[in-house]
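Residue strings, one per chain:
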Amino acid sequence: LLQAPGSSWWRENGSDAVGVGDGAERPMVLWLHLEALLREPGREAARLAAFLGLDASDGRLIDGVVSDATFGALREAELQALGGWREDFA
């Protein structure tokens with residue numbers, strides 16, 4: 001279990017736990033903060049895409065992620081999925 005940056009555990013072990021300084025080409029952990037996701041979802045989704053090595057240069061990927069991750073969109077997907085098992089077993 002990784003602890004938050006700034007904790008005593010992090011100061012002693014954090015850099016090793018995330019692959020910093022071990023020859024890794026890129027970090028193995030990306031810290032996402034709820035406040036930043038809520039404040040600037042597009043920017044944070046772009047950071048996540050870059051971390052995962054995805055090409056999001058045209059903006060469609062980021063726009064799709066942001067629009068599909070709203071409460072309304074997720075609620076609609078959940079409601080559609082609730083009855084789906086009936087069709088699968090009919």
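Residues numbered from 1 in each chain as written. Predicted model: local features only at pLDDT ≥ 70, side-chain atom pairs only at ≥ 80, totals over all residues. Heavy atoms only, no water.

(A) Up close: the overall build of the protein chain. Counting its secondary structure elements, the protein chain contains six helices and zero strands. Beginning at the N terminus, the succession of helices and strands in the protein chain can be written as α-α-α-α-α-α. Counting the 90 residues in the protein chain, one finds 13% classified as buried. At a minimum sequence separation of 6, the contacts of the protein chain that also span at least 24 residues come to 21%. Summed over its atoms, the accessible surface of the protein chain is roughly 7200 Å², and 57% of this surface lies on carbon and sulfur atoms. (Helix = DSSP H or I, 4+ residues; strand = E, 2+ residues; numbered from the N terminus. Buried < 20%, exposed > 50% of the residue type's maximum accessible area, 1.4 Å probe, protein only. Contact = heavy atoms within 4.5 Å. Areas by Shrake-Rupley, 256 points an atom, 1.4 Å probe, with all protein chains shown as cover.)

(B) Looking closely at the layout of surface pockets. If you add up the space inside the largest pocket, you get close to 200 Å³. Lining the largest pocket are Leu-32, Leu-37, Pro-41, Glu-44, Ala-45, Leu-48, Val-65, Val-66, Ala-69 and Thr-70. At the level of secondary structure, the elements contributing two or more residues to the lining of the largest pocket comprise α3 (41-52) and α4 (60-68). Counting residues per element, the lining of the largest pocket draws most heavily on α3, at four residues. Partitioned by chemical class, the residues of the lining of the largest pocket number eight nonpolar, one polar and one charged. (1 Å grid on protein atoms, 1.4 Å probe; cavity = no way out; pocket = protein on both sides within 12 Å on 5 of 7 lines; lining within 4 Å. Points joined across faces, edges and corners; volume = space filled by probe spheres on them. Nonpolar A, V, L, I, M, F, W, Y, C, P; charged D, E, K, R; others polar.)

(C) How the structure looks around the side chain of Glu-44. Assignment of secondary structure puts Glu-44 in helix α3. Only 2.8 Å separates the side chain of Glu-44 from the side chain of Arg-43, close enough to count as a polar contact. (Polar contact = N/O pair within 3.5 Å; in protein donor to acceptor, adjacent residues only side chain to side chain.)

(D) Region of interest: the packing of α3 against α4. Two numbers describe how α3 lies on α4: the axes approach to 9 Å, and their chain directions differ by 120°. When the axes of α3 and α4 are compared, the pair comes out oblique. As for how α3 packs across α4, the hand of that crossing is right-handed. Within the contact between the two elements, α3 uses Pro-41, Gly-42, Ala-45, Ala-46 and Ala-49 and α4 uses Leu-61, Ile-62, Val-65 and Val-66. For the contact of α3 with α4, the class distribution of residues is eight nonpolar, one polar and no charged. (Axes fitted to C-alpha atoms, helices over the stretch in contact; angles between N-to-C directions. Parallel < 35°, antiparallel > 145°, perpendicular 65-115°, else oblique. Left-handed = near helix turned anticlockwise from the far one by under 90°.)

(E) Expanded view of the environment of Thr-70. With respect to the secondary-structure elements, Thr-70 resides in the loop between α4 and α5 (71-82). Residue classification places Thr-70 among the partly exposed residues on the basis of a relative accessible area of 38%. Thr-70 sits 29 residues away from Pro-41 along the chain, and the two C-alpha atoms are 9.9 Å apart. Within the structure, Thr-70 has its side chain in polar contact with the backbone nitrogen of Ala-73 (distance 3.2 Å).

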